[in-house]
Amino acid sequence: MRATLETRHGSGELFVEHIDEQLGLSTRELEVATAITAGKSNVEIAGLLYCSRSTVSTHIERILEKLGIRNRLEVALLVQRFGLITLPLDRDDEAAQTASDLILDLSRPRQGFSVAQVAKKRSIRIHALYPACEGQAEESAAMLRGAELAVDRSNVAGHDTGRGTLLLSSFVTPETLSTAIIEAVRSEPDAIMLGSFPARETTSAMVTASDWGGPILHSMVAPQLSRTVADSGAALLNVFQVAGTEIAYVRGFFRTLKDIVALGSWSPPRRRAVVVVRSTVWEVMSETMLGEISIEAGWQLNDYLVFTGGAEEVARIAARIAERRPEAVHLPIMSEFELSEFTAHLDVQDCHPMIYVDWRPSAPNFLERSGHSLEGVVWSTIVGAYTGPIARRFQADFRNKFDDDPGIGASAIHYDIVRVLNLAWSEMARPWDYARVLKVLRTAVVGGATGPIHFGGPGQTALSFPEDSADPSIAHTHLVFQIQGGRNRLIGPTGAAQYRFRPPAQHA
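Small disclaimer: the values here were computed from a predicted structure and weren't measured.

About the criteria used
- Residues numbered from 1 in each chain as written.
- Predicted model: local features only at pLDDT ≥ 70, side-chain atom pairs only at ≥ 80, totals over all residues.
- Heavy atoms only, no water.
- Axes fitted to C-alpha atoms, helices over the stretch in contact; angles between N-to-C directions.
- Helix = DSSP H or I, 4+ residues; strand = E, 2+ residues; numbered from the N terminus.
- Parallel < 35°, antiparallel > 145°, perpendicular 65-115°, else oblique.
- Contact = heavy atoms within 4.5 Å.
- Nonpolar A, V, L, I, M, F, W, Y, C, P; charged D, E, K, R; others polar.
- Pairing = 2+ DSSP bridges.
- Buried < 20%, exposed > 50% of the residue type's maximum accessible area, 1.4 Å probe, protein only.
- Salt bridge = Lys/Arg side-chain N within 4 Å of Asp/Glu carboxyl O.
- Lys, Arg positive; Asp, Glu negative; His and termini not counted.
- Polar contact = N/O pair within 3.5 Å; in protein donor to acceptor, adjacent residues only side chain to side chain.

Caption draft 1: Broad picture of the packing of helix H2 (residues 42-49) against helix H3 (residues 53-67). Two elements in contact, H2 and H3, have axes whose closest approach is 8 Å; the angle formed by their N-to-C orientations is 105°. In terms of orientation, H2 and H3 fall into the roughly perpendicular class. Between H2, through Asn-42, Val-43, Ile-45 and Ala-46, and H3, the contact on the second element is made entirely by Arg-53, Val-56, Ser-57 and Ile-60. Among the residues forming the contact of H2 with H3, the class breakdown is 5 nonpolar, 2 polar and 1 charged.

Printed below as a string of structure tokens:
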């Protein structure tokens with residue numbers, strides 16, 4: 001049935017006629033659209049139509065797809081414009097009474113719905129800031145795409161608040177980040193997301209925005225960021241780090257060495273390791289501390305070097321490693337060019353240790369760009385995409401939307417940042433109630449494309465398994481891959497591995 005409601009001077013008259021389809025929508029889809037128009041949440045629609053929330057979400061996806069629109073507000077506007085209010089009047093008496101109550105709700109200015117009222121129920125706003133820097137274009141684009149995909153899905157599935165989500169994004173230089181975050185706050189967002197900026201500029205920006213009070217989420221791993229939040233008292237308790245820190249990467253390097261030897265995958269003649277880190281780790285992890293970690297893993301710390309970036313630094317570090325001739329080398333997050341140059345320098349000097357690098361190969365299409373030059377390289381990510389149903393859905397949706405490779409890390413973690421925020425907002429009617437939003441964020445465990453996210457670490461960092469937590473149900477699993485035959489093969493941690501480590505030919 002289609003019901004058209006006309007009101008004059010506060011009284012309403014209901015006209016009912018039989019229809020099969022309108023605007024390409026089935027009767028059931030029109031009923032769902034009517035409930036959306038009345039401001040009903042997915043939970044309320046499920047109760048009204050005696051179906052599950054997932055069924056409601058599927059109906060809404062089809063409605064948006066058929067009408068070529070993006071959110072619930074546009075559904076409501078079309079229903080009003082074309083007079084498509086459709087009630088389940090042909091069902092049992094209880095359902096008919098519910099439908100009758102619904103149409104009466106629509107007729108009451110104080111309790112019901114109007115186009116003007118929907119317009120006032122503004123969208124939830126996320127403002128994302130990404131670096132406009134040479135060498136980070138691929139990563140920034142992947143992060144933005146991941147966030148866009150999550151926003152699209154939330155608009156299709158619908159918030160329990162009945163609001164759509166609007167994603168604003170800006171690309172800024174590290175030097176202008178503090179200014180940019182002030183401008184972002186002026187746009188009245190309900191949350192701010194940050195891409196990968198240097199630690200110093202990020203800390204300054206967080207402090208600059210501290211008076212705002214709304215949630216700021218980022219996926220950077222510099223230990224200084226979580227330490228700053230932990231040491232700030234209440235000043236920066238609106239900042240959340242959706243990843244562990246680089247300390248987990250270094251610990252994971254030695255754990256991996258210990259595991260592959262214990263499993264019999266590698267029996268090097270000696271067990272000497274060189275650890276290269278960025279200054280962010282150098283400042284917080286002493287050589288003594290690192291030596292203790294290496295001894296616990298059954299390895300000798302052969303050298304401990306800081307990498308500041310650039311071609312000259314690559315050549316210097318590679319020459320030092322060639323002198324030391326270690327069996328294994330840990331490399332920090334570096335650019336694709338730097339990583340390629342580093343391996344080339346070692347090849348020239350006939351030095352072939354096991355190379356273990358943080359994060360970088362997770363970038364979309366990395367293997368296509370690197371060719372065969374990095375065959376055998378081991379790499380890890382503390383925020384990599386899993387193989388579970390959420391990750392599979394994310395990867396399929398990403399390829400369908402962008403016709404491109406999602407990679408393993410950057411796009412997935414920013415997809416998950418939006419998921420985390422959506423969970424918090426689903427708990428309340430007002431997304432600008434920052435105190436309540438922050439409280440939910442501190443206690444929630446959210447499943448995502450990158451696994452479980454729980455801000456239980458120091459400085460409100462997400463936990464990494466097994467470095468930060470022995471419970472994989474509340475922590476990202478620290479995934480370890482090896483490039484084998486031009487493909488990323490999961491070799492760790494123990495229990496999650498799908499392939500065995502292949503040792504360097506020189507140390508096989």
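Let's pick the thread back up.
Caption draft 2: Fine view of the sheet that holds strand E3 (residues 124-131). Taken in spatial order, the 5 strands of this open sheet run E4-E3-E5-E6-E7, and their pairing is parallel. Each of the sheet's edge strands pairs with one partner strand only, and the pair in question is strand E4 (165-172) and strand E7 (239-241). Going from strand to strand, the sheet's axes swing by 20° on average, the running direction of each strand aside. By the bridge criterion, 3 bridges tie strand E6 (residues 216-218) to E7 in an arrangement that is parallel. The partner of Ile-216 across the bridge, within E7, is Val-239.

Caption draft 3: Summary view of the pairing of strand E15 (residues 479-484). The element E15 is extensively covered by neighbouring structure, given that 6 of its 6 residues are classed as buried. Neither face of E15 is left uncovered, since the one carrying Leu-479, Phe-481 and Ile-483 and the one carrying Val-480, Gln-482 and Gln-484 both have all their residues buried. Summarising the sheet, strand E12 (residues 378-381) and E15 pair through 4 bridges and their orientation is antiparallel. The residue of E15 that forms the bridge with Val-378 is Gln-482. Across 5 bridges, the pairing between E15 and strand E16 (residues 487-492) is antiparallel. Directly across from Val-480, in E16, lies its bridge partner Gly-492. Where E15 hands over to E16, the hairpin turn is made up of 2 residues, of which Gly-485 adopts a positive phi near 60°.

Caption draft 4: How the structure looks around helix H1 (residues 27-37). Summarising burial for H1: 9 of the 11 residues are buried, a large majority. Taken together, the buried positions of H1 are occupied by Glu-29, Leu-30, Glu-31, Val-32, Ala-33, Thr-34, Ala-35, Ile-36 and Thr-37. Phi turns positive one or two residues past the end of H1, at Gly-39, with a value near 80°.

Caption draft 5: Inspection of the pattern of salt bridges at higher detail. Taken as a whole and assessed by the stated rule, the structure comprises 22 salt bridges. Residues Glu-31 and Arg-28 are paired through a salt bridge, measuring 3.2 Å at the closest nitrogen-oxygen approach. Of the two residues, Glu-31 and Arg-28 are both situated in helix H1; the distance of 3 residues between them amounts to about one turn of the helix. Exposure remark for Glu-31: the relative accessible area of 2% places this residue in the buried category. Of the residues examined, Arg-28 reaches a relative accessible area of 22% and is grouped as partly exposed. Arg-360 is the partner of Glu-139 in a salt bridge, and the nearest nitrogen-oxygen pair spans 3.4 Å.

Caption draft 6: Structural detail: the side chain of Arg-489. In this structure, Arg-489 sits in strand E16. Despite its burial, Arg-489 remains without a salt bridge, the nearest opposite charge being carried by Glu-375 at 8.3 Å. Not counting residues within four places of it along the chain, the set of residues in contact with Arg-489 comprises Val-480, Phe-481, Gln-482, Gln-484 and Tyr-499.

Caption draft 7: How the structure looks around the pairing of strand E8 (residues 272-278). The buried fraction of E8 is high, at 6 of 7 residues. For E8 and strand E9 (residues 300-307), the ladder comprises 7 bridges, and the chain directions are parallel. Across the sheet, the residue bridging to Arg-272 is Gln-300, located in E9. Examined bridge by bridge, E8 and strand E10 (residues 328-331) share 3 bridges and lie parallel to one another. Directly across from Val-274, in E10, lies its bridge partner Val-329.

Caption draft 8: Molecular detail of the side chain of Thr-381. Note on placement: Thr-381 falls in strand E12. Relative accessible area serves as the criterion here: at 0%, Thr-381 is assigned to the buried category. Of the polar contacts made by the side chain of Thr-381, one reaches the backbone nitrogen of Val-383; its length is 3.1 Å. A distance of 3.3 Å separates a polar side-chain atom of Thr-381 from the backbone nitrogen of Gly-384. In this structure Thr-381 touches Tyr-249, Trp-359, Ile-408, Thr-477, His-478, Leu-479 and Phe-481, once residues within four positions along its chain are discounted.

Caption draft 9: The arrangement of helix H10 (residues 223-231) in detail. Three or more residues of H10 are buried, namely Pro-223, Gln-224, Leu-225, Ser-226 and Val-229. Two residues or fewer after H10 comes Gly-233, characterised by a positive phi angle close to 70°.

Caption draft 10: Representation of the packing of H1 against H3. For the pair H1 and H3, the least separation of the axes is 10 Å and the interaxial angle reads 95°. As judged from the angle between their axes, H1 and H3 are roughly perpendicular. Counting all contacts with H1, which are made through Arg-28, Glu-29, Val-32, Ala-33 and Ile-36, the residues of H3 involved are His-59, Ile-60, Arg-62, Ile-63 and Lys-66. Residues belonging to the contact of H1 with H3 are distributed by class as follows: 5 nonpolar, 1 polar and 4 charged.

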